[in-house]
Amino acid sequence: MDEELRSLADRLRDEAGGAAARYERLLATRDGEELAAVLTAAGEPLWARELAAFRLGLAGDRRAFEALILLLNHRDPERCVSAAYALSRLGDPRTARAAAALATNELRVAYALVPVRLLAGLRAPESVPSLITVLERRLAVGDPHWRVGVACAEGLGALADPRARPVLEAARAHPRLARAAAAALTRLPPG
């Protein structure tokens with residue numbers, strides 16, 4: 001069993017509570033139709049939808065996309081991390097665009113950390129412009145979402161795109177972003 005699936009399974013076992021037989025069935029089934037039905041049926045509990053979407057995502061079944069994007073935007077960080085893991089393996093071309101929309105939505109910036117990290121990992125055309133935009137917004141004095149800014153700087157360093165140089169230079173002056181920005185700058189090509 002995949003380590004991430006094992007972690008998700010352990011977490012969801014507790015949530016399933018009295019529905020242990022149903023939980024075990026969804027964890028064991030190899031039937032993609034059965035898992036997909038959980039995503040569209042009315043009244044399914046969140047744990048069941050998450051388990052079904054995660055399993056479908058790992059299998060490369062694009063029917064999981066919408067559910068995984070909703071989970072990527074969830075207030076529970078563990079759900080976000082699991083969704084990002086499954087999305088990174090799903091191979092759906094819509095993933096980067098959706099992650100960019102979530103990362104750059106300033107109304108949801110408190111939940112943008114995982115979408116930012118996913119964007120960096122995807123290395124998609126949307127990644128660098130979105131990470132630059134989010135990092136620019138984190139440069140405001142007193143911005144409480146500096147961890148998102150650090151993740152942007154780290155992601156821009158990993159992507160090593162020279163377009164990031166101006167925002168990373170500006171981030172070096174920010175006390176909480178300086179270390180990540182300086183490290184990212186060392187990874188950019190000379191210019």
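Overview of the structure.

Before going further, it helps to examine the packing of helix 1 (residues 3-16) against helix 6 (residues 77-90). Packed helix pairs are specified by the crossing angle of their axes together with the interaxial distance, meaning the distance between the axes. As a packed pair, helix 1 and helix 6 sit with axes 11 Å apart at the nearest point and diverge in direction by 140°. If you check the angle between helix 1 and helix 6, you find them oblique. As helix 1 packs across helix 6, the resulting crossing turns out to be left-handed. For the pair helix 1 and helix 6, the contacting residues are Glu 4, Leu 8, Arg 11, Leu 12 and Glu 15 in the first and Glu 78, Arg 79, Ser 82 and Tyr 85 in the second. Tallied by class, the residues present in the contact of helix 1 with helix 6 amount to three nonpolar, one polar and five charged.

This part takes up the environment of Arg 147. With respect to the helices and strands, Arg 147 occurs in helix 10 (residues 146-159). Once the C-alpha coordinates of Arg 147 and Ala 171 are considered, the two residues, 24 residues apart in sequence, prove to be 13 Å apart.

For the rest of this paragraph, the subject is the packing of aromatic side chains. This model, assessed by the stated rule, comprises two aromatic pairs. Their ring planes at 55° and their centres at 6.2 Å tell us that Tyr 23 and Trp 47 sit as a pair that is tilted. In this pair, Tyr 23 is assigned in helix 2 (residues 20-28) and Trp 47 in helix 4 (residues 46-58), connecting sequence segments 24 residues apart. No difference in accessibility class separates Tyr 23 from Trp 47, as the two residues are buried. With a centroid separation of 6.0 Å and an interplanar angle of 15°, the aromatic rings of Phe 54 and Tyr 85 are classed as stacked. Of this pair, Phe 54 sits in helix 4 while Tyr 85 sits in helix 6, and the two are 31 residues apart along the sequence. Over the ring of Tyr 85 we find Arg 89; its NZ or CZ atom is 3.6 Å from the centre of that ring.

Per the stated rule, a full pass over the model turns up 19 salt bridges. Asp 61 is paired through a salt bridge with Arg 63; the nearest N and O atoms lie 2.6 Å apart. With relative accessibility at 18%, the residue Asp 61 sits in the buried group. By relative accessible area, Arg 63 is classed as partly exposed at 36%. Close ionic contact of Glu 106 with Arg 138 constitutes a salt bridge, the shortest N to O distance being 2.4 Å. Of the two residues, Glu 106 sits in the loop between helix 7 (95-104) and helix 8 (113-122) while Arg 138 sits in helix 9 (residues 127-138), which places them 32 residues apart along the sequence. Within the structure, one salt-bridge network assembled from shared partners comprises Arg 11, Glu 15, Glu 50, Asp 76, Glu 78 and Arg 79.

Definitions and limits used
Numbering of residues begins from 1 in every chain and follows the order in which that chain's sequence is written. The predicted nature of this model means local features are confined to residues of pLDDT at least 70 and side-chain atom pairs, given and counted, to a pLDDT of 80 or more, with totals for whole chains, interfaces and linings taken over all residues. Calculation of side-chain values draws on the structure's entire complement of heavy atoms; hydrogens and water are dropped beforehand. Axis angles are defined between N-to-C directions and span 0 to 180 degrees, where every axis is a line fitted to C-alpha atoms and, for a helix, only to the segment in contact. Working definition: helices are DSSP H or I runs of at least four residues, strands are E runs of at least two. Numbering for both runs from the N terminus. For this classification, under 35 degrees means roughly parallel, over 145 means roughly antiparallel, 65 to 115 means roughly perpendicular, and everything else is oblique. The hand of a helix crossing depends on one turn: near helix anticlockwise from the far one by less than a right angle means left-handed, and clockwise means right-handed. The contact rule is simple, with two residues in contact once any of their heavy atoms fall within 4.5 Å. Each residue receives one of three labels: charged for Asp, Glu, Lys and Arg, nonpolar for Ala, Val, Leu, Ile, Met, Phe, Trp, Tyr, Cys and Pro, and polar for the others, Gly being one of them. Aromatic pairs are defined between Phe, Tyr and Trp rings, using the six-membered ring for Trp, whenever the two ring centres lie within 6.5 Å; interplanar angles under 30 degrees are classed as stacked, those over 60 as edge-to-face, and all others as tilted. Relative accessible area decides the class of each residue, using a 1.4 Å probe on protein chains only: under 20% of the type maximum gives buried, over 50% gives exposed, and in between gives partly exposed. We count a charge as sitting over a ring when the NZ of a lysine or the CZ of an arginine lies within 6 Å of the ring centre and within 35 degrees of the ring normal. Whenever a carboxyl oxygen of Asp or Glu lies within 4 Å of a side-chain nitrogen of Lys or Arg, that contact is scored as a salt bridge.

Purely spatial values, then, with no claim about function.
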